[in-house]
Amino acid sequence: MSSQSAHVDLGSGRRRFHLPVATLASGYDLAIPVLVMEGARPGPRVGVSAMVHGDELDGLLIVRELWRTLDPSSLAGSLWLMPVANPLAMEAVTRNSPIDMLDMNRLFPGNPDGWLSEIQAHAIATGFIDQVDYLVDIHAGGTFPWVDYCYVVNDEAFSRAFLSSLLYKPRTMYPNTTASAAGARNIPMTVVEIGGGYHDQPVHVTNGVEGVRNMLRHAGVLAGAVERRPRQLLMHELSVMRPHHGGLCVPRGVLTPGQWIDGGQPLADIVHPHTFETLETMVAPFQKSVVVLCRNYATRVHPGDYGFMMGNGESATWYD
Ligand SMILES: [Zn+2]
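Small disclaimer: the values here were computed from a predicted structure and weren't measured. Every chain is numbered on its own, with residues counted from 1 as its sequence reads. Only residues with pLDDT of at least 70 are given local features in this predicted model, and only at 80 or more are side-chain atom pairs given and counted; all residues enter the totals for whole chains, interfaces and linings. Excluded from the side-chain calculation are hydrogens and water; included are all heavy atoms of the structure.

A. Focus on the overall build of the chain. By definition, any uninterrupted DSSP run of H or I lasting at least four residues is a helix, any uninterrupted run of E lasting at least two residues is a strand, and each is numbered from the N terminus. Scanning the chain for helices and strands turns up 6 helices and 19 strands. Two things to know: the radius of gyration comes from C-alpha atoms, and the globule rule equals 2.2 Å times the number of residues to the power 0.38. In terms of overall dimensions, the chain is globule-like: its C-alpha atoms have a radius of gyration of 20 Å, near the 20 Å expected for 320 residues. Structurally, the chain occupies a C-alpha span of about 60 × 50 × 30 Å along its principal axes. Expressed as a percentage of the 320 residues in the chain, the buried residues total 53%. Areas reported here follow the Shrake-Rupley algorithm with a probe of radius 1.4 Å; residue values treat only the protein chains shown as occluding. As displayed, the chain offers around 13,700 Å² of accessible surface, 53% of which is attributable to carbon and sulfur atoms. Between the mean site of the 23 positive side-chain charges and the mean site of the 31 negative ones, the chain shows a separation of 6 Å. Per-residue accessibility, obtained with a 1.4 Å probe over protein chains only, is compared with the maximum for each type, and a residue is labelled buried under 20%, exposed over 50%, and partly exposed between these values. Positive residues here are Lys and Arg, negative ones are Asp and Glu, while His and the chain termini are left out of the count. We put the charge of a Lys on NZ, of an Arg on CZ, of an Asp on CG and of a Glu on CD.

Put into structure tokens, the structure is as follows:
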């Protein structure tokens, strides 16, 4: 079962509709917007979603730029853009929905009889993910951390086409994500992680748009040869480094995703905000560590937060 609002024709191959979710306690209707670009020729339908997590703004900026710069008449097939998959979380600048405090990206394919985030996930799974032939779900580092890599989920070539220098193929994905919902249908999908922490937004938007355009060439929606990025690194092991204590996370230096550092190198001190005592020092976990997610400013950090992410460089492999 899926439900869509009526489509509003915007002219020149563009239209929009929304996926109704629920009436909120305030009386306002919660609905997820979808922007459609319909090509002049037949072809696959590619879905691009952003802001499944409400503090990951870069995907929204990328979708905005895709909508602004792509010409529907040049497409074979169509593009379905979901700029804000989690409107209430966006409003609150939080990863999770502020109504039920749940992480929607652990709840797919959702449940129409469940919590609000489950109802919302169900609307997106049935109304969007089940309706497309390819899916790109864009994430970022959140309010503070900066990230730049791409998951290999079920189609290596599709993921490589995003042109990230870093790729990660986990042994097991987190359960009940957009990737699981797309994987259950066997459609090619990838999760892109780009930007966050307000770092170099124009660069991330440019790279993100270029990456998605290249994926559209891979899918045959855009004409032209698929660009290849040489020497992409495929990581098989990744450490999510979560501080045991909260407070201030004070970095020892400035890091960049893709940078190689030696094991044991200190990355940041977690400092008590009253006593200034160092509660712990976070150090690079692998003999050869590859920076995946970093914090380059002094930031507030929670115990168990995303502090840093490091790939294991020793077990990583290079594509030609
Ligand atoms: Zn995310």
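There's more to say after this.
B. Local environment of the pairing of strand E4 (residues 41-50). Examined bridge by bridge, E4 and strand E5 (residues 76-82) share 6 bridges and lie parallel to one another. Counterpart to Gly-47 in the pairing with E5 is Trp-80. By convention a crossover is right-handed if, when the strands point away from the viewer, the path from the first strand over the helix to the second runs clockwise. What joins E4 to E5 is helix H1 (residues 58-69), and the crossover it makes is right-handed. We call two strands paired when DSSP finds no fewer than two bridges between them. Inspection of the sheet shows E4 paired to strand E6 (residues 134-139) by 5 bridges, in the parallel sense. Across the sheet, residue Val-48 finds its bridge partner in E6, namely Val-136.

C. Broad picture of the coordination of the zinc ion. With distances of 2.0 to 2.4 Å, the protein atoms coordinating the zinc ion are His-53 (ND1), Glu-56 (OE), Glu-56 (OE) and His-139 (ND1). Water is not part of the atom set, so a site may look incomplete; the donors themselves are N, O and S atoms within 2.8 Å of the metal, or 3.2 Å for Na, K and Ca. In short, tetrahedral needs four donors with all angles between 85 and 135 degrees, square planar needs four and octahedral six donors with opposite donors over 155 degrees apart and all other angles between 65 and 115, and whatever is left is irregular. Considering all 4 donor atoms around the zinc ion, angles at the metal cover 56 to 148 degrees and the coordination shape is irregular. Each donor residue of the zinc ion lies on the same chain, and together they follow the pattern H-x2-E-x82-H. The same class applies to His-53 as to Glu-56, namely buried.

D. Looking closely at unusual backbone geometry. The step from Phe-108 to Pro-109 runs through a cis peptide bond, and the omega angle for that step is 5 degrees. Structurally, Pro-109 is set in the loop between helix H2 (87-92) and helix H3 (116-127). Of note, the phi angle at Val-93 is positive, near 50 degrees, even though the residue is not glycine. Relative to the elements of secondary structure, Val-93 occurs in the loop between H2 and H3. On the accessibility criterion, Val-93 (44% relative accessible area) is partly exposed. Residue Arg-231 is not a glycine yet carries a positive backbone phi of 55 degrees. Within the element layout of this structure, Arg-231 appears in the loop between helix H6 (201-218) and strand E10 (233-235).

E. Representation of the packing of aromatic side chains within the structure. Aromatic contacts are taken between Phe, Tyr and Trp rings whose centres are within 6.5 Å, Trp giving its six-membered ring; a plane angle under 30 degrees counts as stacked, one over 60 as edge-to-face, and the others as tilted. Applying the stated criterion across every chain, the model contains 6 aromatic pairs. Aromatic pair Phe-17 and Trp-80: ring centres 5.1 Å apart, planes at 70 degrees, arrangement edge-to-face. Linking Phe-17 in strand E2 (residues 14-23) with Trp-80 in strand E5, this pair joins segments that are 63 residues apart in sequence. For the residue pair Phe-17 and Trp-80, the accessibility class agrees, reading buried in each case. Relative to Trp-318, the ring of Trp-260 lies with its centre 6.1 Å away and its plane at 20 degrees, an arrangement referred to as stacked. On the criterion of sequence distance, the pair formed by Trp-260 in strand E13 (residues 260-262) and Trp-318 in strand E19 (residues 317-318) is long-range, its members being 58 residues apart. The exposure class assigned to Trp-318 is partly exposed, which follows from its relative accessible area of 41%. Put simply, the rings of Phe-17, Trp-80 and Phe-128 pair up and form one aromatic cluster.

F. Broad picture of the pattern of salt bridges. We define a salt bridge as a side-chain nitrogen of Lys or Arg found within 4 Å of a carboxyl oxygen belonging to Asp or Glu. A complete count under the given rule lists 9 salt bridges for this structure. Of the charged contacts in the structure, one is a salt bridge between Glu-210 and Arg-217, with a shortest N-O distance of 3.2 Å. Under the relative-accessibility criterion, Glu-210 is labelled partly exposed at 32%. Judged by relative accessible area, which is 17%, Arg-217 ranks as buried. One salt bridge in this structure joins Asp-305 and Arg-300, with 4.0 Å as the shortest N-O distance.

G. Fine view of the sheet that holds strand E17 (residues 299-301). Here we have 4 strands laid out as an open sheet, ordered E15-E14-E12-E17, and antiparallel in their pairing. Unpaired on one side and paired on the other, strand E15 (278-283) and E17 mark the two borders of the sheet. For this sheet, the mean inter-axis angle between neighbouring strands, taken without regard to orientation, is 30 degrees. Judged from the 4 bridges that link them, strand E12 (residues 247-251) and strand E14 (residues 266-271) form a sheet pairing that is antiparallel. Looking at the pairing, Leu-248 lines up with Val-271 of E14. Angles run from 0 to 180 degrees between N-to-C directions of axes, and those axes are lines fitted to C-alpha atoms, restricted for helices to the stretch in contact.

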